[in-house]
Amino acid sequence: METPAPPDSAPDVRWIDRLAAALAVAGGTLTCLAAALVTVSVVGRWLFNSPIPADYEMVEIAVGVSVFAFLGQTQARSGHIAVDTFTLKLPARVNATIDGVWDLVLAAFLGFFAWGLFAGGMDARTNGLTLIQLPWPVWPVYLLCSVLAGLACLIAVATAILKIIHRLPPAVHTSSEVRE
């Protein structure tokens, strides 16, 4: 259900794709590392009755950061869930503008999340908040997720503007696409 990438001839679109892809690769790498950690811990528990201590906390952090890393790629590819029941018969330009407006709404929420994560990170730093089993501070995780949410917000604003000025096509969400 992947929307085709914009044409390579659009230089204003390529930086969005590159940034989103780099963030997705980082998120995928982190997810793979978390999977390897779980595997080693389970094998250690099974063979030696010795799992990796606090493995669930490390996996919890890795998955949380990965989610924020994937948001930009999902936005750049118009991969978020969309309901287009009432707009299917509208012209493509109108649909692109509607998609752009909704992308701006998403950008506002992502900006709000980025701000909230930043404020939470500063509060966690001030209070010396750490993980339960490991004495690691949690504020760097908050700040990293804040940066990732901010980058996803930037990507959402850029894609919104490009859709509104008709440099990007609207997201394609049809029943025929779901079957593919």
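Overview of the structure. Only a predicted model underlies this, so the values are computations on that prediction, with no experimental measurement involved.

Cut-off values and rules
Residues numbered from 1 in each chain as written. Predicted model: local features only at pLDDT ≥ 70, side-chain atom pairs only at ≥ 80, totals over all residues. Heavy atoms only, no water. Patch = residues over 30% accessible without salt bridge, like charges linked within 9 Å, V, L, I, M, F, W, Y side chains within 5 Å. Areas by Shrake-Rupley, 256 points an atom, 1.4 Å probe, with all protein chains shown as cover. Salt bridge = Lys/Arg side-chain N within 4 Å of Asp/Glu carboxyl O. Helix = DSSP H or I, 4+ residues; strand = E, 2+ residues; numbered from the N terminus. Expected span 1.5 Å × (residues − 1). Bend = angle between axes of the 7 residues up to and from the residue. Buried < 20%, exposed > 50% of the residue type's maximum accessible area, 1.4 Å probe, protein only. Axes fitted to C-alpha atoms, helices over the stretch in contact; angles between N-to-C directions. Parallel < 35°, antiparallel > 145°, perpendicular 65-115°, else oblique. Contact = heavy atoms within 4.5 Å. Left-handed = near helix turned anticlockwise from the far one by under 90°. Nonpolar A, V, L, I, M, F, W, Y, C, P; charged D, E, K, R; others polar.

## Looking at a nonpolar patch on the surface
Together, Val101, Trp102, Leu104, Val105, Phe109, Phe112, Phe113, Trp115, Ile161, Ile164 and Ile165 give the surface a local cluster of nonpolar side chains, amounting to about 1,100 Å² of exposed area. Elements supplying a minimum of two residues to the nonpolar patch: α3 (92-127) and α4 (139-164). A total of 8 residues in the nonpolar patch trace back to one element, the largest contributor, which is α3. Positionally, Phe112 belongs in helix α3.

## Brief notes about helix α2 (residues 55-76)
Taking 1.5 Å per residue, 22 residues should reach 32 Å; α2 reaches 32 Å between its end C-alpha atoms and fits that length. Considering bend angle alone, the principal kink of α2 is centred on Phe70 and spans about 25°. Among all positions of α2, only Asp55, Glu57, Val59, Ala62, Val65, Ser66, Phe68, Ala69, Gly72, Gln75 and Ala76 are buried. Just past α2, the residue Ser78 takes up positive phi, approximately 50°.

## A closer look at the packing of α2 against α4
Two elements in contact, α2 and α4, have axes separated by 8 Å at closest approach and are oriented at 10°. Classified by the interaxial angle, the pair formed by α2 and α4 is roughly parallel. Here α2 contributes Ile61, Gly64, Val65, Phe68, Ala69, Leu71, Gly72, Gln75 and Ala76 to the contact with α4, which in turn contributes Val141, Leu144, Cys145, Leu148, Ala149, Ala152, Ile155, Ala156 and Thr159.

## Regarding the side chain of Gln75
Position of Gln75 relative to the elements: it lies in helix α2. Those residues in contact with Gln75 that lie beyond four places of it in its chain are His80, Asp103, Leu106, Ile155, Ala156 and Thr159.

## Thoughts on the packing of α3 against α4
Interhelical geometry of α3 versus α4 gives an angle of 165° and a closest axis separation of 7 Å. Between α3 and α4, the angle is such that the two are roughly antiparallel. Classified by chirality, the crossing of α4 by α3 is left-handed. Residues of the contact of α3 with α4, tallied by class, amount to 21 nonpolar, 8 polar and 4 charged.

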